[in-house]
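Residues per chain are reported as follows:
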Amino acid sequence: MKLMLLHLVLLFSFSTAFSQNLNITTVGTLPYSQDLNDIWGYVDETGIEYALVGTRTGTSIVSLANPSTPTEILFIPGDNSVWRDLKTWGDIAYVTADQGNDGLLIIDLGPLPAGTPSYYFWRPELSFNSDTDTLEQAHNLYIDENGICYIAGSNISAGENFLLDVATTPGTPIFLGATEPYYAHDAYARGDTLWTSDINDGVFSAYDVSNPANPVLLARQTTPRDFCHNAWISDDGQTLFTTDEKSNAWIGSFDVSDLSNIQELDRWRTATENTIPHNTHVLNDFLVTSYYTEGVIVLDGSRPDNLIEVARYDTYFGSPSTGFYGAWGAYPYLPSGLLLISDINTGLHVLQPNYQRAAWLEGLVTDSLSGTPLFGVDVEIINTGINESTDLSGVYKTGMGMNGSYQVLFKKANYIPKTIQVNLVNGQVTTVNVALNTAVPFQLTGRVVESSNPSVGIPNAQVVLNSSLYTYTATANANGDFSLQVLNEEYDVIAGDWGYVTSLVTVNALNSSTVGTVTVQLDKGYRDEFVLDLGWIETGDATTGNWERVIPENVYSWNGPVIPETGDIGGDIGAYCLITGNNGNGQNGVDDVDNGSTIAISPIMDLTGYSYPQLSFYYYLHKPFPFNSEDSLAFYISNGPDTSLVWSTLDAEYDWSSLQVVNIADYITLSNNMRIWIKVNDSSPGNIVESGIDFVSVADSGTTLPFTILPTDRNFLTAYPIPTQKTVRLDYQMNADEYLIISSLSGQIVEYISVPRGKGFVDIELPHAGMYVARLGNKTVRIIRSE
């Protein structure tokens, strides 16, 4: 029965991976053997559409004469660059690269479809803002309706925007002028206004460019995550939409009708944690946004103070599920209505969107007695992942992308939650006003006791009550008793003390008559899941990256997550663990261990009654460079007078390790004054080293203390060669029997075989050229058959 259930879970999870798309369908795909970057479109004089695709090593021109089978007709090699950007004016395409020495690539597309485009690399010497240099690199460009090309992030001066006339003599740009010397990551212009995304300053800027020789700065405005990556104006020119290229960042909406008083209207982000928005474009007041590992997401921006998701299509099925992978660019402006996506990892996608207006839900929430508007009321459309809250005026604005009947939950601390049934209709605003009744607190009593002898209370045990609205803390008295004033909610009650195993019970605290006394039983033993502060001490001489008991902040480098994507180990109580530094604001190497070591010391343990105590733990150790450094993680055991090294490693472990077990008595004499010392050492200034510890336990191998070996992700799945001509080899390691499922991008299964636990490999023959996805357990890789 368990095996059959596993089969069903695997099949369900696999099928749902391809069923999360909304209002967008696939038309065609073109895989590449290298990573992609940005994308643009072009239409020749006969009406044939093309995709202009940036790659790491050049520019790919793809015919969409048959959109179901996109065909590359020309590849123009260039210097290797992670970043390329492409735009067109008439029959001329312009391409920048942010690495190498390409300058500005200029392509004459006029000979299409019968002839071959010609091209050359334009590398002029330019002078502006007291700087003169040869144009070698630039991050981005935009060409407005007047044929003015704005180059952003070049190697000249501070990387500010400079302006070129590409209309007067097509193919031969004429330098016009430059903006203020602020680095600009991106540019967009319409009419006489240029909008620059000044990512390093965390703002967008507005310039009057009516005189291109002398742009005038009009305004600057911060964006929701202070990392403005791109900006695009609404169809009526009154609203600017922005992206911040950070994990968990928002798409911002700003009223720019009065540049002396710019107002933020709304901000939206996907419900999936840790994903990163990249570039947004506006088409008929729909925001079409490339969203890295979530593919493309479309928002209805016609009500810019209430942005609603109305379509999405995931082009990326790989691992990791966050970071700078997946959809780089989205181009929605082809006359046919086709949507082009350049996915870094999976290639070019030709999609057919169905642009549908949102179904909005808006209203006012007040106090039922006073009628006062209530700020900060959580408004949740149940089972959809949609959560909003009321503003200072008690107003909420939310909605769905699809018609339907929905239950909406309204919750605020100190008020009784209320659920309302609503019917939402696409293209319409449904108004629902809600009044909430004040909640009445009651006394919750409890006791923390020993599980082996429930009559014995545990003095000074820590108690934490958590709900979606409230957190209460208490310390038990000498008899293990505690008492708290609480409000109606369902609570997780967590109790623990050093020398006991932390425990969690759930209580449905509807009212005092249904609760009575909460009793939490604890097993004796030393185990710390770090959900409670049980008294570890930090010491050492490191200047940064000291041990902290925290919920880990997400940190990413270009190559992926620095801290495991799961945060803490997962499967234990709470989301806390012990990590070295949590104050880097998501930036790699900012709060890592530097210039010495950091040491975490446990409270005292009495192991005199143990026969053969075993220390166990999970860890990660991030060492991106150099891999062979002496940066280390080590565990020591002290018995008072003596301290012994019991385990250490120099090897990087980028995900949570498998369970590590050490026999303490093999290294040191047992006593009643024993401590664990955990030390991370930075051997050389400048090295990046980060570490984490979770689920630390000391248990006697001769006792019956409950000891849970948590599920760990020591699995991997790799494929080679990529691309392959016919047969691909999949290397794997799995900690359980799994099923290997290989499918086309459309979801059609082409292989389904059982794979035993452990390490091994399988050779798979792919039926035809194209892109495939291989899934084994929770691991996914992309496969390309080139012919």
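For the structure itself, consult the block above.
A brief report on the enclosed structure follows. (Residues numbered from 1 in each chain as written. Predicted model: local features only at pLDDT ≥ 70, side-chain atom pairs only at ≥ 80, totals over all residues. Heavy atoms only, no water.)

A few points about the sheet that holds strand β12 (residues 140-143)
Pairing is antiparallel in the open sheet, where four strands are placed in the order β12-β13-β14-β15. Each of the sheet's edge strands pairs with one partner strand only, and the pair in question is β12 and β15 (174-178). Strand after strand, the sheet turns through a mean of 25° between neighbouring axes, direction not considered. Alignment of strand β14 (residues 162-165) against β15, held across four bridges, turns out to be antiparallel. Looking across to β15, one finds that Leu164 is bridged to Phe175. (Pairing = 2+ DSSP bridges. Helix = DSSP H or I, 4+ residues; strand = E, 2+ residues; numbered from the N terminus. Axes fitted to C-alpha atoms, helices over the stretch in contact; angles between N-to-C directions.)

Considering the packing of aromatic side chains
Evaluated as defined, the whole model comprises 32 aromatic pairs. Here the aromatic rings of Phe286 and Tyr355 are separated by 5.2 Å at their centres, their planes lie at 35°, and the arrangement is tilted. Placement of Phe286 in strand β25 (residues 286-290) and of Tyr355 in the loop between β30 (347-353) and β31 (359-367) is noted, with a sequence separation of 69 residues between them. Here Phe530 and Trp536 contribute two aromatic rings whose centre-to-centre distance is 5.7 Å and whose plane-to-plane angle is 50°, an arrangement assigned as tilted. Like Phe530, the residue Trp536 is buried in the burial classification. Among the aromatic residues, those joined into a ring-pair cluster are Trp40, Tyr142, Tyr188, Trp232, Tyr331 and Tyr333. The ring centre of Phe286 lies 4.0 Å from the NZ or CZ of Arg357, which sits over that ring. (Phe/Tyr/Trp six-rings, centres within 6.5 Å; stacked < 30°, edge-to-face > 60°. Buried < 20%, exposed > 50% of the residue type's maximum accessible area, 1.4 Å probe, protein only. Lys NZ or Arg CZ within 6 Å of the ring centre and 35° of its normal.)

Structural notes on the sheet that holds strand β20 (residues 228-233)
In a beta sheet, neighbouring strands are held together by backbone hydrogen bonds and run either parallel or antiparallel to one another. An order of β20-β21-β22-β23 is seen for the four strands of this open sheet, with the pairing classed as antiparallel. Each edge of the sheet is formed by a strand with only one pairing partner; in this case those strands are β20 and β23 (263-268). Across the sheet, the axes of successive neighbouring strands diverge by a mean angle of 25°, strand direction being ignored. Inspection of the sheet shows β20 paired to strand β21 (residues 239-244) by five bridges, in the antiparallel sense. If you follow Ala231 over to β21, its bridge partner there is Thr242.

Considerations on the state of the cysteines
Tallied over the entire structure, the rule returns zero disulfides. Cys149 forms no disulfide, and the closest cysteine sulfur to it belongs to Cys228, at a distance of 19 Å. Look at Cys149 and you get buried, because its relative accessible area is 0%. (Disulfide = S-S within 2.5 Å.)

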